[in-house]
Amino acid sequence: DGGITQSPKYLFRKEGQNVTLSCEQNLNHDAMYWYRQDPGQGLRLIYYSQIVNDFQKGDIAEGYSVSREKKESFPLTVTSAQKNPTAFYLCASSPRDRASNQPQHFGDGTRLSIL
Amino acid sequence: AQKITQTQPGMFVQEKEAVTLDCTYDTSDQSYGLFWYKQPSSGEMIFLIYQGSYDEQNATEGRYSLNFQKARKSANLVISASQLGDSAMYFCAMREGLLDTGTASKLTFGTGTRLQVTL
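Keep in mind the model is a prediction, meaning the values are calculated, not measured.

Looking now at the interface of chain A and chain B. Counting from both sides, the interface comprises 24 residues of chain A and, opposite them, 24 residues of chain B. Interface area for chain A against chain B, summed over the two sides, is near 2,000 Å², with a carbon-plus-sulfur share of 51%. Joining chain A to chain B, the criterion identifies zero salt bridges. Those elements giving two or more residues to the side of chain A that touches chain B turn out to be β4 (31-37), β5 (43-49) and β9 (87-94) of chain A. Its residues assigned to classes, the side of chain A that touches chain B comprises eleven nonpolar, eleven polar and two charged.

A separate point is the sheet that holds strand β8 (residues 76-78) of chain A. All names here are of chain A. The four strands lie next to each other as β1-β3-β8-β7, forming an open sheet whose pairing is antiparallel. On the outer flanks of this sheet lie β1 (4-7) and β7 (64-66), each paired with one strand and no other. Shown here is a sheet whose adjacent strand axes are inclined to one another by a mean of 20 degrees, direction ignored. In the sheet, β1 pairs with strand β3 (residues 19-25) via four bridges, with the strands oriented antiparallel. Its bridge partner being in β3, Ile4 is matched across the sheet by Gln25.

Looking at the secondary structure, you find Pro39 of chain A in the loop between β4 and β5. On the accessibility criterion, Pro39 of chain A (77% relative accessible area) is exposed.

On to the pairing of strand β9 (residues 74-79) of chain B. In regular strands, side chains alternate between the two faces of the sheet. All names here are of chain B. For β9, a buried count of five out of six residues is recorded, marking the element as mostly surrounded by other parts of the structure. Bridge analysis of strand β3 (residues 19-21) against β9 gives three bridges, and the strand direction is antiparallel. When the bridges of β9 are listed, Val19 appears paired with Ile79. Bridging between strand β8 (residues 64-69) and β9 involves six bridges; their strand directions are antiparallel.

Thresholds, definitions, all that
- Residues numbered from 1 in each chain as written.
- Chains lettered and ligands numbered in written order.
- Predicted model: local features only at pLDDT ≥ 70, side-chain atom pairs only at ≥ 80, totals over all residues.
- Heavy atoms only, no water.
- Contact = heavy atoms within 4.5 Å.
- Buried area = accessible area lost by both parts, 1.4 Å probe.
- Salt bridge = Lys/Arg side-chain N within 4 Å of Asp/Glu carboxyl O.
- Helix = DSSP H or I, 4+ residues; strand = E, 2+ residues; numbered from the N terminus.
- Nonpolar A, V, L, I, M, F, W, Y, C, P; charged D, E, K, R; others polar.
- Pairing = 2+ DSSP bridges.
- Axes fitted to C-alpha atoms, helices over the stretch in contact; angles between N-to-C directions.
- Buried < 20%, exposed > 50% of the residue type's maximum accessible area, 1.4 Å probe, protein only.

Everything listed here is a matter of geometry and, on its own, says nothing about what the molecule does.
Next comes the structure, spelled out in structure tokens:
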């Protein structure tokens, strides 16, 4: 079945450590997104990418980095500069066509905690 | 100003009853789309229904319908015949500037409403 796979499901970070969250999709979508969700809040956009080798900052990009070397993959690195990384992280993808009703499809998320 | 406002942090509904979840939005674009997603306790986001700003009819998908009032900038989700499995967080989201080219289809989310269906 086509879908989005996020791994790991749970991740723990030590102080001063960088960690990378994986996101892989087999939906042949051009656009991919990373969101952060804090308790009691909606999703906030971290980074997004429309095509391979291109990505743009979202609303809360500080302390995060991404790469888009393959269409299927959009990994997110939470760097040591992100002082409050504990959150639920969701990856999504969509066709690039904006003038349509195509929804974003989401993975199952990664829950990141500080040790 | 918030672009998407969901004023109900939590709602209760009895099984088999209908419930309305409120969503108001703020945009100056003429062409935009509104989405509703369901998030069960497991965390995944499930797409429910879409309404385009130029759609003349209110969207419907099975037990879900959207009460779209463009002049009031509201897009309320109506769930009919509630089931226990409907208990979840529900998010309203907006995609703006549908006629613009060259940018990805970013979504702006509200803070969500937690729905609890009771026996």
